[in-house]
Amino acid sequence: MASSQAHSLKSLVVFKNYMYPELIRAVHVYKLEDGVAKEVEREYLFHTENDYEEIGTYKVLTLEQFRPSAQFEGHVNGVWVCIYVFDVDHHGTPNLDDIPTILSVYSNPKLASIPTLANDLKIIVQMNHGIKNGVKVQVLPKETSFGNTAAGFHVRSHCVFPLDLNSAPYPELENEGGDKASGLANNKKRRATTKDIARLALTDLAKYFDLPIVEASKNLNVGLTVLKKKCRELGIPRWPHRKIKSLDSLIRDLQAEVEQQQQEDEAAALVAAKRQRMLENEKESIERKPFMEIQMETKKFRQDIFKKRYRARACDNEIRTLPLL
C-alpha cells in the first residue's frame, strides 16, 4: 500500500527556455513533516495546439546548490530565463499579479493536463484567496497531502473554480447604478480581452519597443501590469526602450558624420557607414531578442561619443567666458 506523508509547498521557481520557448522547467520545493525540504525538478512541453505534457524529472538547474530566494524574474541561467518565483520564506503571502498568464490556472485551462505543476499553482492561489460557497475569502496557507505513487508525487488539493481575471468578478452587478453608471461604462475605453492578451506575440510587442512601456501598454490596449506579465512570459526581463533609444541616437550621429565626412574624407565616411550598419544590425537583433544586452564595443563607442560631446560643451563654455579685449 502506498504510504502518504503530509507536505506543504515551500517554493516554486519556473523557467522558460529562450531558445525553445515551448520548454518550461520548474523547481518545486516541499517541506516534509519532519522539517526536511524535498526538491523536485521537472520539465514540461507546452504544446501550442495540443495539451501540455511532463517530459522528465532529471536535474539541470539543481545539479549544484539551488536557492529559490536568490532567484528573480528575468534571471538567466544558461538557456533558461526565470519567469516566476514563489518562496514562502521570502515572499510570505503570494501576489497573484506576479503570476504570468501562461501559468495562470484561471486563464490557461491547458495547465490541467500537467497536474504536477497545476496543483502547486492552485496551492499558491489558495494561499492568497480561497473560495467558500462560491465567495472569495482570505485563507491561510494549508498543508497538502502528497502520496508516493508509481507516477511520482501525487497532489491532492482543493479545487478552484475558474475565473477570468480580466473581467469583473461579479458581472451581475454591472447593471446596478442606473443609466448614469451605464453611460460611464460605455464611455470608458475597453481593454483587450484575455484571449487577445494570450495571443500577443513578440512581434506585436516589438512594434512598440521604441516607446516607453506606459505608452506601449496604451497602444496595445492592455494594462501596464498585464504587459509586464506578458514580457516575463516571453522572457523579456526589462522593456528595451532605453536600449533601442540609445542605439537610435548613435545611428543618427553616425548618419550625420557620414554626410559630413563624404565632403571631407571619403575613407572616414566609409568607416562611419560601416559602423552605422553594425549598429542597425544590433538594433534588429535586440528587437528579435529583447533580453540581449548592448555589445561591449557599442558601449565603448557610446562612451567616446559622450566624452566628445562633453569636451565640445566645455570648449564652447570656455569661449563664451573669455573676456572681451
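Criteria and thresholds
- Residues numbered from 1 in each chain as written.
- Predicted model: local features only at pLDDT ≥ 70, side-chain atom pairs only at ≥ 80, totals over all residues.
- Heavy atoms only, no water.
- Helix = DSSP H or I, 4+ residues; strand = E, 2+ residues; numbered from the N terminus.
- Expected span 1.5 Å × (residues − 1).
- Buried < 20%, exposed > 50% of the residue type's maximum accessible area, 1.4 Å probe, protein only.
- Polar contact = N/O pair within 3.5 Å; in protein donor to acceptor, adjacent residues only side chain to side chain.
- pLDDT = per-residue confidence, 0-100.
- Contact = heavy atoms within 4.5 Å.
- Axes fitted to C-alpha atoms, helices over the stretch in contact; angles between N-to-C directions.
- Parallel < 35°, antiparallel > 145°, perpendicular 65-115°, else oblique.
- Left-handed = near helix turned anticlockwise from the far one by under 90°.
- Nonpolar A, V, L, I, M, F, W, Y, C, P; charged D, E, K, R; others polar.
- Arc of directions from axis to C-beta.
- Core = buried A, V, L, I, M, F, W, Y, C linked by side-chain atoms within 4.5 Å.

Asker: Which parts of the structure should I look at to understand helix H9 (residues 266-288)?
Answerer: Residue pairs spaced three or four apart in an α-helix point in one direction, given the helix's 3.6 residues per turn. For H9, with 23 residues, the first-to-last C-alpha span of 33 Å sits near the 33 Å given by 1.5 Å per residue. Among all positions in H9, only Ala269, Ala272, Ala273, Gln276, Leu279, Glu282 and Ile286 are buried. For H9, the side-chain oxygen to backbone nitrogen distance between the N-cap and Ala267 is 3.2 Å, and the N-cap itself is Asp265.

Asker: I tried to follow the confidence of the model for the protein chain on my own but got confused; where do I start?
Answerer: The predicted coordinates should not be examined in detail at positions where pLDDT is low. This prediction gives the protein chain a mean pLDDT of 76; 74% of its residues lie at or above 70. The least confident element of the protein chain, judged by mean pLDDT, is strand E10 (residues 152-156) at 39; the most confident is strand E3 (residues 37-45) at 93. Predicted confidence is poor over residues 1-5, with pLDDT under 50, and the contacts of this stretch with residues over four places away or in other chains come to 11 contacts. Counting contacts from residues 131-188, a segment whose pLDDT is below 50, to residues more than four positions away or on other chains yields 80 contacts.

Asker: Help me understand the packing of helix H8 (residues 241-264) against H9 in this model?
Answerer: Packed helices, taken two at a time, are described by the angle their axes make and the gap between the axes. Following both chains from N to C, one finds H8 and H9 inclined at 160°, their axes separated by 8 Å at the closest point. With respect to each other, H8 and H9 are oriented roughly antiparallel. In this structure, the crossing between H8 and H9 has a hand that is left-handed. Its residues placed into classes, the contact of H8 with H9 shows 12 nonpolar, 4 polar and 10 charged.

Asker: How should I be thinking about helix H6 (residues 213-220) in this particular structure?
Answerer: The set of residues buried in H6 consists of Ile213, Ala216, Ser217 and Leu220. For H6, the angular spread of buried residues about the axis comes to 100°, placing them on one side. Where H6 is buried, its residues meet helix H5 (202-206) and helix H7 (224-233).

Asker: Please clarify how the nonpolar core should be interpreted in this entry.
Answerer: As a rule of thumb, nonpolar side chains are buried together in soluble globular proteins. Residues Val14, Phe46, Leu103, Leu111 and Leu117 are the most contacted members of the largest nonpolar core, which totals 28 residues. Breaking this core down by element, the ones donating at least two residues are strand E1 (4-17), strand E2 (23-32), E3, strand E6 (80-87) and helix H2 (115-128). Per-element accounting of this core gives the leading share, 7 residues, to H2. With residues up to four places along the chain from it excluded, the contact list for Leu111 reads Phe46, Tyr52, Ile102, Leu103, Ser104, Val105, Leu117, Ala118 and Leu121. Within the second largest apolar cluster, 25 residues are counted, among which are Leu205, Ile236, Ala272 and Ile294.

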